[in-house]
Amino acid sequence: MRATMMEEPLLIHRFLERAGRLFPEVEVVSRRPDGSLHRHRYGEFFARAHRLAAGLAAGGLDKGDRVATLLWNHHVHLEAYFGIPIRGGVVHTLNPRLAAEELAYIADHAQDRVLIVDEVLLSVLEGFRERAPFSRILVANRQGQALPAWAECYEEVLARAPQELVYSPAGEEDPVGMCYTSGTTGHPKGVVYSHRSTVLHALASALPDSVGLSHRDTVMPVVPMFHVNAWGLPYAAVMVGAKLVFPGPRLDASSLLELLEGEQVTVAAGVPTVWLRVLEALDAEPGRWRLHPELRLIVGGSAAPEAMIRGFDRHGVTVIHAWGMTEMSPLGTLCRLKREHQQADEDTRYRYRAMQGLPMPVVDMRIVDEKGEVGWDGRSMGELQVRGPCVARAYYKRPDAADAFTADGWFRTGDVAVITPEGYMKIADRTKDLVKSGGEWISSVDLENALMGHPQVAEAAVVAVPHPRWEERPLAVVVPRDPPPGVEELRAHLAARFPKWWLPDAILFVEEIPKSSTGKFLKRALRERFGRASWEELKAQEEEQQRRAEAG
Ligand code: ADP
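Residues numbered from 1 in each chain as written. Predicted model: local features only at pLDDT ≥ 70, side-chain atom pairs only at ≥ 80, totals over all residues. Heavy atoms only, no water.

Visitor: Would you mind going over the pattern of salt bridges in detail, with residue names and values included?
Guide: One pass over the full model with this rule turns up 39 salt bridges. Of the charged contacts, one joins E306 and R310 as a salt bridge, the two residues approaching to 3.1 Å between their closest N and O atoms. Remark: R310 and E306 occur in helix α12 (residues 306-314); sequence separation between them is four residues, near one turn of the helix. What makes E306 partly exposed here is its relative accessible area of 26%. Relative accessible area serves as the criterion here: at 24%, R310 is assigned to the partly exposed category. Between R491 and E542 there is a salt bridge, and its shortest N-O distance comes to 2.9 Å. Taken together, the residues R491 in helix α16 (residues 487-495) and E542 in helix α18 (residues 535-550) connect sequence positions 51 residues apart. For E542, a relative accessible area of 11% corresponds to the buried category. Linked by salt bridges that have partners in common, E27, R39, K243 and E263 make up one network. (Salt bridge = Lys/Arg side-chain N within 4 Å of Asp/Glu carboxyl O. Helix = DSSP H or I, 4+ residues; strand = E, 2+ residues; numbered from the N terminus. Buried < 20%, exposed > 50% of the residue type's maximum accessible area, 1.4 Å probe, protein only.)

Pasting the structure below:
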């Protein structure tokens, strides 16, 4: 027997078409580098996405050609997200914070044929343009600089393009876009998303127990559009017809708070380091910004500390913890409490809310422990593996990286996690960041979050340092607030929460913790800086720091 339903492919074309027809009056607001706001409506977005598609086609874009973007978050980037794939092109977002060598490698590996670049990012392009394969470069958001001889003006390309609908026929397995992981080891690896995976991810992420999106929402992706498609939010927001607010390049706390207030944002998303700064600003001047009473922040990319979730609650802002990966489109889990946990006591509620959460309906998860045994029982800690229609089955042109995928069809996340009996997933660490002491694992994430729960700690990262007897021991690197806490006070703070053998052997203060191009703690840099020292030296540093503090 066969089902009698239409075999209409799942294409993102329909999101654009629906938004253009049903919500032409909904606004798209973008903050320019000078702080002024650009505003237009879905009606214009719809027309301009089609003109971009036509302009690319006029320049000879073939089906499957890669079109790279080197753009901040704004309306042009949104046009690229839709205008490129509706004409058969593949959006390849480049991260302007990467080194020129990496950008050259990625653009060459993807064989990007066209580039759309912000005028303010031309200096980044200069660093690798001659090594990149672009045959056409369009400069967007021009503010008066002369156009280089090798470039075209994005606005002129759109102005010249015919005003007609230019959807290319496509199958749901055809590519929409691609992203490269930041590649902490070896070369970055690319993932290619299909129409089908993009549509399913948008549908699943808009569900009330996921991000929870409606056309009445105002959505601000703070997470860059070059960081896994801003977690898919632009696709999901256009799908439901929500108002969009793009912050442009300035992500400091007061710029963000001004936008959150000015546009009455209801959903914003970004990494914890961004929101920690916002929380500090709110704490410093409570009541200064009148935020929307239903504002919720989707926080992921690295673990959201429980103290941060509590902190935002004090200002009436709800944090929703999320976990995902480039290889997963990227959302995997969101932490929405089940009924029984919503009714639990306050401490239990926060403990659960700080977990990474429940898998979206399109995601399967399992834990594989060190012996290779598969567990769902909530007790085993081990590698988290995932499967589903929005999960990559391979890396783009990287047969050497096939060991990330298991023979029985799962993707190995490289994260070590536990799944509680109720189904909540909790990340202990990235495999390479775990501290292995005397044959037992210590979770650096748990220690960091507890340290960041101390009122005099702004940021904390914990790394493993080799130890002659225990193999490895934890070192905590802390950015203190003023006045700095005493080291013994921090130890006592941890001792109340963890077994004694978990406590860091040294706690060192630094002015800043180095961050990756996507705003995560760069633990590799900390290991390079501290990992070669002996424990005697590290402890001597801690004592010296203590003496200086006591001397005032
Ligand atoms: P990269 O950081 O290498 O650029 P991704 O952005 O794909 O790549 O990062 C995915 C990784 O980020 C996950 O495997 C996990 O280690 C970490 N991560 C993401 N969200 C969370 C979270 N909520 N808690 C802890 N770790 C997280």
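Having seen it, we continue.
Visitor: Please give an account of the packing of aromatic side chains that cites residues and values.
Guide: Using the criterion set out here, one finds 11 aromatic pairs in the structure. With a centroid separation of 5.3 Å and 5° between ring planes, the pair formed by F498 and W502 is classed as stacked. Here the two residues F498 and W502 agree in accessibility, since each one is buried. When the ring of W501 is compared with that of W502, the centres are 6.2 Å apart and the planes differ by 70°; the resulting orientation is edge-to-face. Given a relative accessible area of 37%, W501 falls into the partly exposed group. Taking the relative accessible area as the measure of exposure, W502 reaches 13% and is therefore buried. Cluster of aromatic residues (ring-pair linked, three or more members): Y42, F45, Y81, F82 and Y235. (Phe/Tyr/Trp six-rings, centres within 6.5 Å; stacked < 30°, edge-to-face > 60°.)

Visitor: Hey, could you go over the site of the ligand for me, with residue numbers and the actual values?
Guide: Around the ligand there are 15 residues in total, and S182, A322, T326, D415 and R430 lie nearest to it. Between the ligand and the protein, one listed contact pairs a nitrogen atom with a backbone N or O atom of A322 at 2.7 Å. Separating an oxygen atom of the ligand from a side-chain N or O atom of K520 is a distance of 2.7 Å. Protein chains bury 93% of the 570 Å² of accessible surface belonging to the ligand in isolation. With four residues, strand β14 (residues 318-324) is the largest single contributor of residues to the shell around the ligand. Among the residues forming the shell around the ligand, the class breakdown is four nonpolar, eight polar and three charged. (Near = heavy atom within 4 Å. Polar contact = N/O pair within 3.5 Å; in protein donor to acceptor, adjacent residues only side chain to side chain. Areas by Shrake-Rupley, 256 points an atom, 1.4 Å probe, with all protein chains shown as cover. Nonpolar A, V, L, I, M, F, W, Y, C, P; charged D, E, K, R; others polar.)

Visitor: Run through the nonpolar core, naming residues and quoting values.
Guide: The biggest cluster of nonpolar side chains holds 144 residues, and the ones touching the most others in it are F82, W275, F312 and L475. The dominant element in this core, judged by the number of residues it contributes, is strand β24 (residues 457-467), at eight residues. Not counting residues within four places of it along the chain, the set of residues in contact with F82 comprises I12, F15, L16, F45, A49, P234, Y235 and V238. (Core = buried A, V, L, I, M, F, W, Y, C linked by side-chain atoms within 4.5 Å. Contact = heavy atoms within 4.5 Å.)

Visitor: Outline empty space enclosed by the protein, listing residues and values.
Guide: Evaluation of the coordinates by the stated rule reveals three cavities of 30 Å³ or more. Size it by volume and the largest cavity reaches roughly 70 Å³. Counting residues per element, the lining of the largest cavity draws most heavily on helix α7 (residues 195-206), at four residues. Looking at side-chain class alone, the lining of the largest cavity contains three nonpolar, six polar and no charged residues. Its boundaries defined by the atoms lining it, the second largest cavity holds a volume of some 50 Å³. Around the second largest cavity, the lining residues are W72, N73, R97, V222, P224, F226, P247, G248 and L251. Class assignment of the residues belonging to the lining of the second largest cavity gives a composition of six nonpolar, two polar and one charged. (1 Å grid on protein atoms, 1.4 Å probe; cavity = no way out; pocket = protein on both sides within 12 Å on 5 of 7 lines; lining within 4 Å. Points joined across faces, edges and corners; volume = space filled by probe spheres on them.)

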